[in-house]
Amino acid sequence: MTQENFNEGLLGFLDASPTPFHATQNMAGMFENAGFIKLYEEQRWELEPGKKYYLTRNDSSIIAFTYSGEKNYVMVGAHTDSPNLKVKPNPVIKEHGAVKFGVEPYGGLLLNTWFDRDLSLAGRVSYLDSNNIIKDALIDVKKPIAIIPSLAIHLDDKANQERSINAQSDILPILSTSDDFNFEQFLKEQLKISGVDEVKELYANDLNFYDVQNASFVGLNDDFIASARIDNLISCYVGMLSICSIDESKPMLFIANDHEEVGSSSTSGAGGSFLENTLHRVFDDYEEFVQMIRSSIMISADNAHAIHPNYPSKHDANHAPHINKGSVIKINASQRYASNSKTISRFMNVASSIDEPFQTFVTRSDMGCGSTIGPITATRLGIETLDIGVPTFAMHSIRELCGSKDAYSLYKIIVSFNDS
C-alpha cells in the first residue's frame, strides 16, 4: 500500500465516521471484507485455528483478532470517540424567533471552535417496531441543519481580550425560525431515510452534532491533513489496516474502545471488561491466559501534541515532536502514559529496522499531563504497554490537523511488529 492510497482511505474513513457508532460500523464492514468472522458475546464461541474474528459491544467499540494458538500477541488499542456536542434527551427550545437544541459538551472540547460552522446531526436511535421489538438504527443527516452563530463584536467589544463561553447558554445550535418543528417527526423521517419504515414508538437516542466540512489535504505540498475527529479515528484507521494487512497465522489483536474522552468508565470503555472478557474466552485456561498476557504487548495509539510554531513555550524543548517527523513515543513519570524502557526499546528497534522515524514527548514539568487507554489497559490486564501517537495540532478542536506522512509511517511500524 502506498502513502497516497493510505491517506485517501483515511480521508474517506474520517468523513464516513461522524460518531463512534458509524466508525464501528465502518470498521466492521472492513473486517467482513477482509474475511473476519463475526462473533456475538451472548453466544457460545467455537474458535478455529487459522481463522480471524471480530465482535462489537454497544455498537461503539470493536475488537478484531487472529487465532493461531500462539500467545505472543501484538495488540493495538485506540478509541472511537471524539469531543463533540451531545444532544440532550429533550432538546427542543423555541424562543426569540428561533428553534434551538439543548446540548452538553462531551469530553474536553475547544468550545470556541464550534462557532460559525455548518453542523449536522448523527448517532443512534432506539425505537419499538411493529412487532413490539426494541431495535436500534443509525442515522446521519449529512446536510448542514444547524449553526452556532458568534455574537457580533459590536455587542461584545472585549471578545478578543477576555471572551468566555457558557456551556449551558452560549453554544446552542440554531436549526430554524419555524415554530412548527417536531423533533419526533424529524427522527422518524431520518429513520425512514436509513431504511426503517415501521416505527411504532420512539424511545431513547444517542446523537451528536458534527462539522460537515470534509477532511482534506492542506499545505503547499499537501503537508497536512485537516479534519474533525483526527483524535482518535486516525489511530482506529491505522490499527484496522494493520490487522487486515498481516497473515492470520500471526497473533494480533486490535481494539477500539468508546468513552476514552470522558474517562473510559463504561461497559464499552477501556475501564470496562470488553477486552478482558474476550481474551479469557480465547484463552479459557487461566495459566495460558497469564502466559499470553505476559508475553504480549499493547500498543496504545492516541494522538500526541506536536510543538505549535506559534506557542513553542508550551513544550519541553527536548521533547517537542514535529509534524511529519515520525510517530511519537509518549512518556510520563507519573504513569499518565504506560510506556516503559522495555516497551519503548522494542518500538525503537522495530522502527529502526525499517528506517522509520520516531520522536518522544514528555509534557513540561510545570504542566499537567493528559492520559489515554494505555495506563487503564495496563492496570486492568497487567500487559506491557506502550503509548504512542501521531503528532497533532489543535487537539480537541472541531477541526484538527496532523501530518500527511506520520500515520502511514506508524502503520508500517505496527505491521512490522509481528516480525520482531
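Provided above is the structure to which this section pertains.
What you see is a predicted model, and the numbers here were worked out from it, not measured in a lab. (Residues numbered from 1 in each chain as written. Predicted model: local features only at pLDDT ≥ 70, side-chain atom pairs only at ≥ 80, totals over all residues. Heavy atoms only, no water.)

### Re the pattern of salt bridges
Right, so step 1: Scanning all chains against the criterion turns up 14 salt bridges.
Right, so step 2: For the salt bridge of Glu41 with Arg57, the shortest nitrogen-to-oxygen distance reads 2.7 Å. Taken together, the positions of Glu41 in the loop between strand E1 (37–38) and strand E2 (51–57) and Arg57 in strand E2 put the pair 16 residues apart, joining distant regions of the chain.
Right, so step 3: Of the charged contacts, one joins Glu95 and Lys100 as a salt bridge, the two residues approaching to 2.7 Å between their closest N and O atoms.
Right, so step 4: Judged by relative accessible area, Glu95 falls into the partly exposed class, the value being 34%.
Right, so step 5: Taking relative accessible area as the criterion, Lys100 reaches 14% and is therefore assigned buried. (Salt bridge = Lys/Arg side-chain N within 4 Å of Asp/Glu carboxyl O. Helix = DSSP H or I, 4+ residues; strand = E, 2+ residues; numbered from the N terminus. Buried < 20%, exposed > 50% of the residue type's maximum accessible area, 1.4 Å probe, protein only.)

### A closer look at the packing of helix H1 (residues 3–15) against helix H5 (residues 230–245)
Right, so step 1: Interaxial distance between H1 and H5 falls to 10 Å at its minimum, and their mutual angle equals 125 degrees. With respect to H5, the element H1 is oriented oblique. Crossing hand, H1 versus H5: right-handed. Between H1 and H5, the residues in contact are Asn5, Phe6, Gly9, Leu10, Phe13 and Leu14 and Ile230, Leu233, Ile234, Cys236, Tyr237, Val238 and Leu241, respectively. (Axes fitted to C-alpha atoms, helices over the stretch in contact; angles between N-to-C directions. Parallel < 35°, antiparallel > 145°, perpendicular 65-115°, else oblique. Left-handed = near helix turned anticlockwise from the far one by under 90°. Contact = heavy atoms within 4.5 Å.)

### A word on the packing of aromatic side chains
Right, so step 1: According to the stated counting rule, one finds 16 aromatic pairs in the structure shown.
Right, so step 2: Seen from their ring centres, Tyr408 and Tyr411 are 6.2 Å apart, and the 25 degrees between their planes marks the pair as stacked. One end of the pair is Tyr408 and the other is Tyr411, both in helix H10 (residues 406–417) and 3 residues apart, which spans about a single turn. Both residues of the pair, Tyr408 and Tyr411, count as buried. (Phe/Tyr/Trp six-rings, centres within 6.5 Å; stacked < 30°, edge-to-face > 60°.)

### Description of the side chain of Ser404
Right, so step 1: Looking at the secondary structure, you find Ser404 in the loop between strand E20 (400–403) and H10.
Right, so step 2: Once residues within four sequence positions are removed from consideration, Ser404 is found in contact with Gln3, Asn7, Phe217, Asp222, Asp223, Phe224, Ile225 and Asn324.

### Observations concerning the sheet that holds strand E12 (residues 224–227)
Right, so step 1: Strand order in the open sheet made by the 5 strands is E11-E12-E20-E19-E15, with mixed pairing throughout. Among the strands making up the open sheet, the edge pair consists of strand E11 (216–218) and strand E15 (304–305).
Right, so step 2: Examined bridge by bridge, E11 and E12 share 3 bridges and lie antiparallel to one another. Looking at E12, one finds that Val218 is bridged to Phe224.
Right, so step 3: Docked against the sheet, H5 engages E12 and E20, running at close to 40 degrees with respect to E20. (Pairing = 2+ DSSP bridges.)

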